[in-house]
Every structure is written in structure tokens, then in C-alpha cells.
Amino acid sequence: MGAAIVVVAIILVVHYKPATVKGCVASGPNGLELTNGSDKLTYELTGATSDIKPGEIVKVKGKKKAGKGSAPSTFTVKELSKDYGACPATK
């Protein structure tokens, strides 16, 4: 019985763990956008973005939503996890 409770608890924690994205923030046509450094995906940021500034590298927690057709992917920010400073200069 105890093992079953532990398994259910682990499944709930993993399933409901918020997504995280780290990347460079820029101003876009519809507000803030974050470009993920690892796979170069760009997300329109919504939600709790008041502490996020363009030109900064940040890690945010929240919920991803893939874009359909020509609609952009979005990331609803629940929390600014870490600010890593300025984005690197582009050539």
C-alpha cells in the first residue's frame, strides 16, 4: 500500500511540474519574446512578465503552448526563476 502511494505521488509531481525555458528576451510585435538558446525556438511571453526585461537572458517557469499553423508558440510565465544578465551581442 505504501509503495502505491509513493508511485502516485511521484507521478503527480512529475506530471504537474511546471515547464522551464531559458533564453534571450527581445521585444516583438506582440510584446516580449524569448528565444530558447538550445533549440532556437521563439515563444511569445504572457503571464507574469513584469520583472522580465528585453536584452536579458532569463530562465522562466510556466506552461508551454505550441503554435498551430501560422500562430506562434507561447509560454505563460508563472515565475521568473533566474536572470543571467545581458544577452550576447549579435554580429
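The present account deals with the structure reproduced in this document. (Residues numbered from 1 in each chain as written. Predicted model: local features only at pLDDT ≥ 70, side-chain atom pairs only at ≥ 80, totals over all residues. Heavy atoms only, no water.)

Moving on, we get to the side chain of E44. Within the fold, E44 resides in strand β3 (residues 42–47). At 11 Å, K65 is the nearest oppositely charged side chain to E44, a buried residue that forms no salt bridge. A distance of 3.0 Å separates polar atoms of two side chains, one belonging to E44 and the other to N30. Residues within four places of E44 in sequence aside, it is in contact with N30, L32, E33, P72, S73, T74 and F75. (Helix = DSSP H or I, 4+ residues; strand = E, 2+ residues; numbered from the N terminus. Buried < 20%, exposed > 50% of the residue type's maximum accessible area, 1.4 Å probe, protein only. Lys, Arg positive; Asp, Glu negative; His and termini not counted. Salt bridge = Lys/Arg side-chain N within 4 Å of Asp/Glu carboxyl O. Polar contact = N/O pair within 3.5 Å; in protein donor to acceptor, adjacent residues only side chain to side chain. Contact = heavy atoms within 4.5 Å.)

Pairing in this closed barrel of five strands is mixed, and the strands run β1-β2-β3-β5-β4 around the ring. Adjacent strand axes in the sheet meet at a mean angle of 55 degrees when their direction is disregarded. Relative to strand β2 (residues 31–36), strand β1 (residues 19–28) is paired through six bridges, and the arrangement is antiparallel. Its bridge partner lying in β2, G28 is registered against G31. (Pairing = 2+ DSSP bridges. Axes fitted to C-alpha atoms, helices over the stretch in contact; angles between N-to-C directions.)

Function cannot be read off these values alone, since they describe shape.
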